[in-house]
Amino acid sequence: MGLRNLFRGNSKQESDKTNDNASVENNQSGNDDNQTEPVQASKVTASSPSVVTSVLTAKQNLTEIAQQYNIRRETLQDLLFDHQKEIQTSIDELNKEIAASQKLVEDNGQQVTNIQDRMEKASAEASAPFVQQQTELNARIKENQDQVGNLISQVKELNAELTGLNHKQQQLVQAETDISAKFKSEKDPATIVSLADQYRDDIKNNQTEREENEATIRAVDQKQTALKDQLQATRDKLTADQKELSEVNSKLEEVQAKVASDDEETSKQLDAMTQKLTDSQAQLTQLQGNLNQKNAELADANADIKKWMGVLVPVKGLVLDSDSEIILDMDNLTEAQYEQMKLVVKVMMRRGIERVGLYTSQFKLNLTSQIAAWTNELQVRGGIVSVYNPLYSLQHQGQPGAKYQLPDDAVNDEWNANHTERTLTLDNGWTLKVHYYPSSENIESVDSYKNGRLAESSMMSTEGQLTSNRFYNDDGTKNRDEYYSQSGLGILNVHYENDKLSQVELLNAVGMQVQAFDTIAGFTEWWVKNNFNESGFLVGAIENEQYRQLLNAMHGKSIALVNGSAVDNDAFKSWAAALPQQQYLVDNYETEMKLIQQVNQPLNISLLDPHNLPVTLGIPFAGAE
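Residues numbered from 1 in each chain as written. Predicted model: local features only at pLDDT ≥ 70, side-chain atom pairs only at ≥ 80, totals over all residues. Heavy atoms only, no water.

As recorded in an unreviewed UniProt entry, the protein chain goes by the name Chromosome partition protein Smc, listed as coming from Secundilactobacillus pentosiphilus.

Okay, here's the thing in structure tokens:
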């Protein structure tokens, strides 16, 4: 990455070497599988001491090898990432197919559910009256069954009670019989009287108890009879309800059979949709299996990229044609960034770039001296640059017009003591104070006074054309500024209210307003969007917010300058993501690697300071894991 040349194809010699290298590479790649040992031997030979004794020659040779390395590395990188892209494309397609298949499964499942719901609804509606009758009859049957069980329990209890009473009655009868037997065997009246006295209470008690027991037996028997009658009535109800339930069940079966018969077509549709659901689920399973396989292939490809490339995104050298133009954003540069701009010009011009442009948003007249200073300090070859500035660009439209001429009817013409200011007094009462460019006969500015008050200030270019006029109100406050192209046409008017800017007017060739702005910044933004040259590469420090905003406004090509402090900034990722192109010039290798990790997407990058070659270049074994 750090060793790659900034440009490719700048000379026939380099192109020929590239072709030769490609040929050697093809021959080597064809023998990699079967000639591992010779390759190792060639590595040893390559590391043997060289007979080259000239440092310059050694540098040139190493430079060529580094260029070859970069070309071959990019070839391998292209192949690896093309393979990765191919797999990723397959994965993306599979994901689309899986999404479609998943939707099909969901749709089919929903249709099956809808059909089932429809059939169940039809069956439920037809069965509802009978189901209601079933519910009511089952409740009644359950109630009667419970009542029958309860009555049977009561009858059994009364049966037990009657059995006990009858047994007691038999005992009482037997006791009476036993007493009677005692009287029958006695003939003696005295004994009989004695026995009568002896058993009188027993006979009386027995008789009373028998009568009471008989009454109880009759009462229990009546109660049992009533319970049996109630039990029989309940059983009759239960039998009737069970019969009615059987009839209802039969009717329900008939209704359900009729519904099933009527919904035969729906049943067929359900079977068909169920089969479709099964098929789509099988297809989805197959697609998911294919996706798992492709994900495994992608993991292998990513591992190969990491093993051979060291980074997980394609990184190529910054490639510019020699006729490309670099446009440097000169606004808000820190001292360190300004030094970096000098290095950019040096590197670019050494690589064959001849067209250099300078952009500044400064809104002031006579940028010429500033541009000249920048051009000189940046050491632009030939000292010629293109200037990109809203006011400057508008002023330099058209062919140069006539030079500004002082009035020739002055009634008084004199210089001040140190010969820095010339005063002309006109017969109409106006006074002109004239200033000239140093060591030149060309006028720099003219201040016009009326009745002793400054009314107008005129500025001229170094070539002598009128560039602007400022007009003042009677109270000395600014009224308006008029700016002119070098052909003499008005191009811009700046109006003031209470000495503060109120409006900026852009004029056409006949002096009519075509656009109006509230601020100079609004005019600058409009000019950038509509007039900035987008064919060149705008170079600026990524840390500068003004540069990033400029790129968003012009939507042109860019090359961002990045140093260590910029890439360590917490906002760097968002800065990089907003760039129109991922093209960078970085200060050193460390910054380069940090930038690659931060950006984590394909990018073009070159070093401003590529010194210190790596000690060795590690190449993984073909079979290494």
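A. Looking closely at the overall build of the protein chain. Counting its regular elements, the protein chain contains 13 helices and 18 strands. Scored against the burial criterion, the 625 residues of the protein chain give a buried share of 34%. Across the protein chain, every contact between residues at least 6 apart in sequence was considered, and the portion connecting residues at least 24 apart equals 59%. Surface summary for the protein chain: the accessible area is close to 36,500 Å², and the carbon and sulfur share equals 49%. (Helix = DSSP H or I, 4+ residues; strand = E, 2+ residues; numbered from the N terminus. Buried < 20%, exposed > 50% of the residue type's maximum accessible area, 1.4 Å probe, protein only. Contact = heavy atoms within 4.5 Å. Areas by Shrake-Rupley, 256 points an atom, 1.4 Å probe, with all protein chains shown as cover.)

B. Focus on the confidence of the model for the protein chain. In the predicted model, the protein chain carries a mean pLDDT of 84, and the fraction of residues at 70 or more is 89%. Throughout residues 1-49 the model reports pLDDT below 50, and contacts reaching past four residues in sequence, or to other chains, amount to 60 contacts. (pLDDT = per-residue confidence, 0-100.)

C. Spotlight on the pattern of salt bridges. Enumeration over the complete set of coordinates arrives at 18 salt bridges. Linked through salt bridges whose partners overlap, the residues forming this network are R140, D241 and E244. (Salt bridge = Lys/Arg side-chain N within 4 Å of Asp/Glu carboxyl O.)

D. Up close: the packing of aromatic side chains. If you walk through the whole model with that rule in mind, you get eight aromatic pairs. Considering the side-chain rings of F363 and F523, the 6.2 Å spacing of their centres and the 85° angle between planes classify their relative orientation as edge-to-face. Pair noted here: F363 is in the loop between β3 (355-359) and α7 (368-378) and F523 is in helix α9 (residues 520-531), with a separation of 160 residues, a long-range link. The structure contains a cluster of three or more aromatic residues connected by ring pairs, namely F363, Y483, F517, F523 and W526. We note K478 situated over the ring of Y496; from NZ or CZ to the ring centre the distance is 5.2 Å. (Phe/Tyr/Trp six-rings, centres within 6.5 Å; stacked < 30°, edge-to-face > 60°. Lys NZ or Arg CZ within 6 Å of the ring centre and 35° of its normal.)

E. Region of the structure containing the pairing of strand β18 (residues 603-607). Among the five residues in β18, four count as buried, and that is most of the element. In the sheet, strand β1 (residues 315-316) pairs with β18 via two bridges, with the strands oriented parallel. The residue of β18 that forms the bridge with K316 is N604. (Pairing = 2+ DSSP bridges.)

F. Just the nonpolar core, in detail. Among the nonpolar cores identified, the biggest contains 32 residues, and F532, Y584 and L595 are the most heavily contacted of them. For this core, the secondary structure elements donating two or more residues are α9, α10 (545-554), β16 (557-562), α11 (564-567), α12 (572-577), β17 (583-586), α13 (589-599) and β18. Here this core gets five residues from one element, more than from any other, and that element is α10. Those residues in contact with L595 that lie beyond four places of it in its chain are V562, V567, F572, Y584, V586, L603 and I605. Formed by 29 residues, the second largest nonpolar core is a distinct cluster that contains L328, V356, L367 and L378. (Core = buried A, V, L, I, M, F, W, Y, C linked by side-chain atoms within 4.5 Å.)

G. Structural context of the sheet that holds strand β2 (residues 325-329). The strand order across the open sheet formed by eight strands is β1-β18-β17-β16-β15-β2-β3-β4, and the pairing between neighbours is parallel. A strand with exactly one partner marks an edge of an open sheet, and here the two such strands are β1 and β4 (386-388). Across the sheet, α10 touches β2, β3, β15 (537-541) and β16, and the angle it forms with β15 is around 155°. Contacts from α13 reach β1, β16, β17 and β18, with the element oriented near 170° to β18. (Axes fitted to C-alpha atoms, helices over the stretch in contact; angles between N-to-C directions.)

H. α10, seen in detail. Within α10, seven of the 10 residues are buried, which leaves it mostly tucked inside the rest of the structure. Looking only at α10, the buried set comprises Q546, Y547, R548, L550, L551, A553 and M554. Tucked inside the fold, the buried residues of α10 contact β2, β3, α9, β15, β16 and α12. After α10 finishes, the residue H555 shows a positive phi value of roughly 55°.

I. Region of the structure containing the sheet that holds strand β9 (residues 453-460). Strand order in this open sheet of 10 strands is β5-β6-β7-β8-β9-β10-β11-β12-β13-β14, and the pairing throughout is antiparallel. The outermost strands of the open sheet, each flanked by one partner alone, are β5 (410-415) and β14 (513-517). For this sheet the average axis-to-axis angle between neighbouring strands, irrespective of direction, equals 15°. Note that strand β13 (residues 500-507) and β14 share four bridges and pair antiparallel. What sits directly across from L506, in β14, is Q515. Running at roughly 25° to β13, α9 makes contact with β12 (490-497), β13 and β14 of the sheet.

J. View of the side chain of E505. Relative to the helices and strands, E505 is located in strand β13. Buried and unpaired, E505 has R480 as its nearest opposite-charge partner, separated by 7.5 Å. The contact partners of E505, leaving out residues within four places of it in the chain, are I491, L492, N493, H495, Q513 and Q515. (Lys, Arg positive; Asp, Glu negative; His and termini not counted.)

K. Summary view of the environment of A175. Within the element layout of this structure, A175 appears in helix α3 (residues 55-184). For the pair formed by A175 and I203, sequence separation is 28 residues and the distance between their alpha carbons is 8.7 Å.

L. Up close: the packing of α3 against helix α5 (residues 264-309). With their axes 7 Å apart at the nearest point, α3 and α5 run at an angle of 160° to one another. Between α3 and α5, the crossing angle belongs to the class labelled roughly antiparallel. The chirality of how α3 crosses α5 is left-handed. Residue composition of the contact of α3 with α5, by class: 23 nonpolar, 23 polar and seven charged. (Parallel < 35°, antiparallel > 145°, perpendicular 65-115°, else oblique. Left-handed = near helix turned anticlockwise from the far one by under 90°. Nonpolar A, V, L, I, M, F, W, Y, C, P; charged D, E, K, R; others polar.)

M. Seen up close, the environment of S386. Considering the arrangement of structural elements, one finds S386 in strand β4. Separated by 28 residues in the primary sequence, S386 and L358 place their C-alpha atoms 6.2 Å from one another. With near-sequence residues (within four places) excluded, S386 lies in contact with E325, V356, G357 and L358.

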